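# Report on the structure
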Amino acid sequence: SAVISQKPSRDICQRGTSLTIQCQVDSQVTMMFWYRQQPGQSLTLIATANQGSEATYESGFVIDKFPISRPNLTFSTLTVSNMSPEDSSIYLCSVVGGGRHNEQFFGPGTRLTVL
Amino acid sequence: AQSVTQPDIHITVSEGASLELRCNYSYGATPYLFWYVQSPGQGLQLLLKYFSGDTLVQGIKGFEAEFKRSQSSFNLRKPSVHWSDAAEYFCAVVRGQGAQKLVFGQGTRLTINP
């Protein structure tokens, strides 16, 4: 299985600021995703991070609010822009890796609190 | 569209008792199904998966799940729970044939009584 790390593990931010979350994988992976888990809720897919091209966003999520970079096959960033308290969530990256079809592995998550 | 329903938001069982967490899915073809566990303050860990073949799948930590096409279900079971099993459990289905995107159920929070 792929080993995934995220930075920061948690942060407390002020309204109107932005935070960039990093996701690092210990091996090259093709598919990488970003999810949001709002307090007490399930996971919702934000976007697919595509290497070398623009991310593919799910309905309800836009690039201006959640810009994503994927410079190579082991790294991605998600920025939460112009934050409001409603953005307080856990943000998780995931990868499909290890040659196992459709098997996804998740990072430990970044717990974001917006005041 | 694919969807996953976990009817039980919260379940409490005594340590040593058996456990069954329910999961129902909606998908036209043979689904790829997963169970994940999220311990407090942790990320998601894959417990087990079903792609095809034997409908009873074994996972880590003593968990198993049975795929029942006739009932559109993929229930998670464990014969004897341990206090360390207290966590949030999520059932998920891959969205779309050949796709990789997961659709998650609402989750079931498991509490273990000593």
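See the structure above.
The text that follows walks through the structure, step by step, so that each part is easy to find. (Residues numbered from 1 in each chain as written. Chains lettered and ligands numbered in written order. Predicted model: local features only at pLDDT ≥ 70, side-chain atom pairs only at ≥ 80, totals over all residues. Heavy atoms only, no water.)

### Remarks on the pattern of salt bridges
Residue and element names in this part refer to chain B. Summed over the entire model, instances satisfying the criterion amount to 6 salt bridges over all chains. Here Asp8 makes a salt bridge to Arg22, at a shortest N to O gap of 2.9 Å. Taken together, the residues Asp8 in the loop between strand S1 (3-5) and strand S2 (10-14) and Arg22 in the loop between strand S3 (19-21) and strand S4 (24-26) connect sequence positions 14 residues apart. Judged by its relative accessible area of 18%, Asp8 is buried. Assessed through its relative accessible area of 37%, Arg22 is described here as partly exposed. (Salt bridge = Lys/Arg side-chain N within 4 Å of Asp/Glu carboxyl O. Helix = DSSP H or I, 4+ residues; strand = E, 2+ residues; numbered from the N terminus. Buried < 20%, exposed > 50% of the residue type's maximum accessible area, 1.4 Å probe, protein only.)

### Let's talk about the pairing of strand S11 (residues 110-114) of chain A
Residues and elements named next belong to chain A. Side chains Thr110, Leu112 and Val114 of S11 all project onto a buried face; the interleaved residues Arg111 and Thr113 project onto a face where none is buried. As paired strands, strand S9 (residues 89-96) and S11 are joined by 3 bridges and run antiparallel to one another. From the neighbouring strand, Ser89 faces S11, where its bridge partner is Leu112. (Pairing = 2+ DSSP bridges.)

### Observations concerning the layout of surface pockets
One water molecule sets the probe size; rolling that probe over the atoms shows where empty space is left. Within this model, the largest pocket holds a volume of roughly 470 Å³. Taken together, 25 residues make up the lining of the largest pocket; nearest its centre are Gln37(A), Gly40(A), Gln41(A), Gln38(B) and Glu88(B). For the lining of the largest pocket, the class distribution of residues is 9 nonpolar, 13 polar and 3 charged. In this structure, the second largest pocket encloses a volume near 160 Å³. Lining the second largest pocket are 13 residues; nearest its centre among them are Phe106(A), Gln42(B), Gly43(B), Leu44(B) and Gln45(B). In terms of residue class, the lining of the second largest pocket is built from 7 nonpolar, 5 polar and 1 charged. (1 Å grid on protein atoms, 1.4 Å probe; cavity = no way out; pocket = protein on both sides within 12 Å on 5 of 7 lines; lining within 4 Å. Points joined across faces, edges and corners; volume = space filled by probe spheres on them. Nonpolar A, V, L, I, M, F, W, Y, C, P; charged D, E, K, R; others polar.)

### Some remarks on the interface of chain B and chain A
Between chain B and chain A, the contact holds 21 residues from the first and 21 residues from the second. In total, about 1,700 Å² of surface goes out of reach between chain B and chain A, with carbon and sulfur atoms giving 53% of it. Ranking the residues of chain B by area buried against chain A places Leu44(B), Gln100(B) and Lys101(B) at the top, with a combined share of 33%. Taken together, the links from chain B to chain A amount to 1 salt bridge. Among the ionic pairs, Glu58(A) bridges to Lys101(B), the shortest N-O distance being 3.0 Å. Tallied by class, residues from the side of chain B that touches chain A come to 11 nonpolar, 7 polar and 3 charged. (Contact = heavy atoms within 4.5 Å. Buried area = accessible area lost by both parts, 1.4 Å probe.)

### Some details on the pairing of strand S8 (residues 64-68) of chain B
Residues and elements named next belong to chain B. Where strand S7 (residues 56-58) lies against S8, 3 bridges are found, and the strand directions are antiparallel. In the strand pairing of S8, Gln58 is matched with Glu64. Remark: 5 residues form the turn of the hairpin made by S7 and S8, two consecutive strands paired antiparallel; Lys61 in that turn has positive phi of roughly 60°. Here S8 pairs with strand S9 (residues 73-78) via 5 bridges, running antiparallel. Residue pairing for S9: Glu64 is matched across the bridge by Arg77. Joining the antiparallel neighbours S8 and S9 is a turn of 4 residues, in which Ser72 adopts a positive phi near 50°.

### Quick word on the environment of Asn24(B)
Residue and element names in this part refer to chain B. Tracing the chain through its elements places Asn24 in strand S4. Take Asn24: its relative accessible area is 28%, and that puts it in the partly exposed class. C-alpha of Asn24 to C-alpha of Ser73: the two residues are 49 residues apart in sequence and 4.4 Å apart in space. Other than its neighbours up to four places away in sequence, Asn24 contacts Ser3, Val4, Thr5, Pro7, Gln71, Ser72 and Ser73. A distance of 3.4 Å separates a polar side-chain atom of Asn24 from the backbone oxygen of Ser72. (Polar contact = N/O pair within 3.5 Å; in protein donor to acceptor, adjacent residues only side chain to side chain.)

### Overview of the packing of aromatic side chains
A full pass over the atoms with the stated rule returns 15 aromatic pairs over all chains. On the numbers, 5.9 Å between centres and 25° between planes, the contact of Tyr25(B) with Phe67(B) is stacked. Placement of the pair is Tyr25(B) in strand S4 and Phe67(B) in strand S8, with a sequence separation of 42 residues. Of the residues examined, Phe67(B) reaches a relative accessible area of 4% and is grouped as buried. Their ring planes at 90° and their centres at 6.2 Å tell us that Phe90(B) and Phe104(B) sit as a pair that is edge-to-face. In this pair, Phe90(B) is assigned in strand S10 (residues 87-94) and Phe104(B) in strand S11 (residues 102-104), connecting sequence segments 14 residues apart. Each member of the pair, Phe90(B) together with Phe104(B), is buried. Aromatic rings pair up to connect Tyr35(A), Phe106(A), Tyr32(B), Phe34(B), Tyr36(B), Phe51(B), Phe90(B) and Phe104(B) into one cluster. (Phe/Tyr/Trp six-rings, centres within 6.5 Å; stacked < 30°, edge-to-face > 60°.)

Distances and angles like these do not, on their own, reveal function.
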